[in-house]
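What follows is the residue order along each chain.
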Amino acid sequence: MSTHDAPRLRMPDLRFVAVETLIPHEQHDEQRSGPLVQRLREQGVLRNPPIVAALSPDDPRFVVLDGANRATAARAAGLPHLVVQVVRYEDPGVRLTTWHHALIGLPVRDLEGTLAAVAGLECAAADLRHAHAVLARREAIAFIAHGTDRAITLHGGADLHRRNAVLNAVVDAYRRGVRFHRLASDSLVDAQAEHPEVTALVVFPHFEPAEVLELATSGARLPAGITRHLVSWRALRLNVPLDKLADTNRTLAEKNRWLDEWLREKVHQRQLRFYQEPTVLFDE
């Protein structure tokens, strides 16, 4: 779609916010946040702004839906402000889905031994159909598909917060010592067709936005790499100069006035492109 169509399309809500107002909803990946700080300093720009949702009209904080590692890296780099894309969680253009973890080269017996050490976790053998049904009813916190039509259902916790604590312990039990792929499909067959080295697939439930917000505002975090937010009209390659983020002499209001003028100039210069269709980029 050409840039002269831009005025008829919806511009992303981009703004500077204080880094301290950003609340992650998931654990950050320590292996990624460190290199991100270094990359941010080397590139000198923030390429892609994190996606956030306001908690409420009376609460100045924002929950980070996507970009937790970038927000953590900004905090670690000592930046006072960060440019984010603000979305409404209830907007139909924001969709919450789930990533599943395809474990690589881990024998199921070893996995069972690892899980046996997780406090509060109960495991049960099940066929795959029953495992899907149990997870759909949220009677399990996850299940592990392995072999042919075999699964292990994982149970623990009587409420959202306790279930989340056990789920974090489960993911922590394997993620530091086992390589895994994040996949959108909950099919072990699909996972092994794409990655033959996969030995098991950890399948997580679908979460509701209300659960994400409740956990985040309480200070709890979902495990890293489970929630997946699909956002229409996502802003990419914004490339905000790092010195604008790091500037401690300008107020938020002043920075946002600069941002508004900067974006208007990009529109005027036809430097924006809107994609309504799924797009594949080959220069990332």
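Above this text sits the structure in question.
First, a word on scope: everything that follows refers to the structure included in this document. Quick caveat, the model's predicted, so the values are computed rather than measured. (Residues numbered from 1 in each chain as written. Predicted model: local features only at pLDDT ≥ 70, side-chain atom pairs only at ≥ 80, totals over all residues. Heavy atoms only, no water.)

### Examining the pairing of strand β12 (residues 180-183)
In step 1: Side-chain alternation along β12 places His181 and Leu183 on a buried face and Phe180 and Arg182 on a face that remains uncovered.
In step 2: Direction of pairing for strand β8 (residues 100-104) relative to β12: antiparallel, over a ladder of four bridges. Residue pairing for β12: histidine 100 is matched across the bridge by leucine 183. (Buried < 20%, exposed > 50% of the residue type's maximum accessible area, 1.4 Å probe, protein only. Helix = DSSP H or I, 4+ residues; strand = E, 2+ residues; numbered from the N terminus. Pairing = 2+ DSSP bridges.)

### Let's talk about the packing of aromatic side chains
In step 1: The full count for this structure, using the stated rule, is four aromatic pairs.
In step 2: With a centroid separation of 5.6 Å and 65° between ring planes, the pair formed by tryptophan 233 and phenylalanine 274 is classed as edge-to-face. With tryptophan 233 in the loop between β14 (227-231) and β15 (240-241) and phenylalanine 274 in the segment after α9 (252-268), the pair connects residues that are 41 residues apart, well separated along the chain.
In step 3: On the basis of relative accessibility, which here comes to 5%, the residue phenylalanine 274 falls in the buried class.
In step 4: A network of ring pairs unites the aromatic residues Phe16, Trp258 and Trp262 as a single cluster.
In step 5: Its guanidinium or amino end placed over the ring of tryptophan 99, arginine 228 lies 4.3 Å from that ring's centre, counting from NZ or CZ.
In step 6: Over the ring of tryptophan 262 we find lysine 266; its NZ or CZ atom is 4.6 Å from the centre of that ring. (Phe/Tyr/Trp six-rings, centres within 6.5 Å; stacked < 30°, edge-to-face > 60°. Lys NZ or Arg CZ within 6 Å of the ring centre and 35° of its normal.)

### Observations regarding the side chain of threonine 98
In step 1: As for its position among the elements, threonine 98 is in strand β7 (residues 94-98).
In step 2: The exposure class assigned to threonine 98 is buried, which follows from its relative accessible area of 10%.
In step 3: One polar contact links the side chain of threonine 98 to the main-chain carbonyl oxygen of proline 205, over a distance of 3.1 Å.
In step 4: For threonine 98, the residues in contact, after removing those within four places along its chain, are Leu183, Ala184, Phe204, Pro205, His206, Phe207, Ile226 and Arg228. (Polar contact = N/O pair within 3.5 Å; in protein donor to acceptor, adjacent residues only side chain to side chain. Contact = heavy atoms within 4.5 Å.)

### Digging into the pattern of salt bridges
In step 1: For the structure shown, the criterion picks out 11 salt bridges.
In step 2: Among the ionic pairs, arginine 234 bridges to aspartate 66, the shortest N-O distance being 2.5 Å. With arginine 234 in the loop between β14 and β15 and aspartate 66 in strand β5 (residues 59-66), this residue pair connects regions lying 168 residues apart in the sequence.
In step 3: Given a relative accessible area of 28%, arginine 234 falls into the partly exposed group.
In step 4: For aspartate 66, a relative accessible area of 25% translates into the label partly exposed.
In step 5: A salt bridge links aspartate 172 to arginine 176, with the shortest nitrogen-to-oxygen separation between them at 4.0 Å.
In step 6: Assessed through its relative accessible area of 31%, aspartate 172 is described here as partly exposed.
In step 7: Classification of arginine 176 by relative accessible area gives exposed; the value is 56%. (Salt bridge = Lys/Arg side-chain N within 4 Å of Asp/Glu carboxyl O.)

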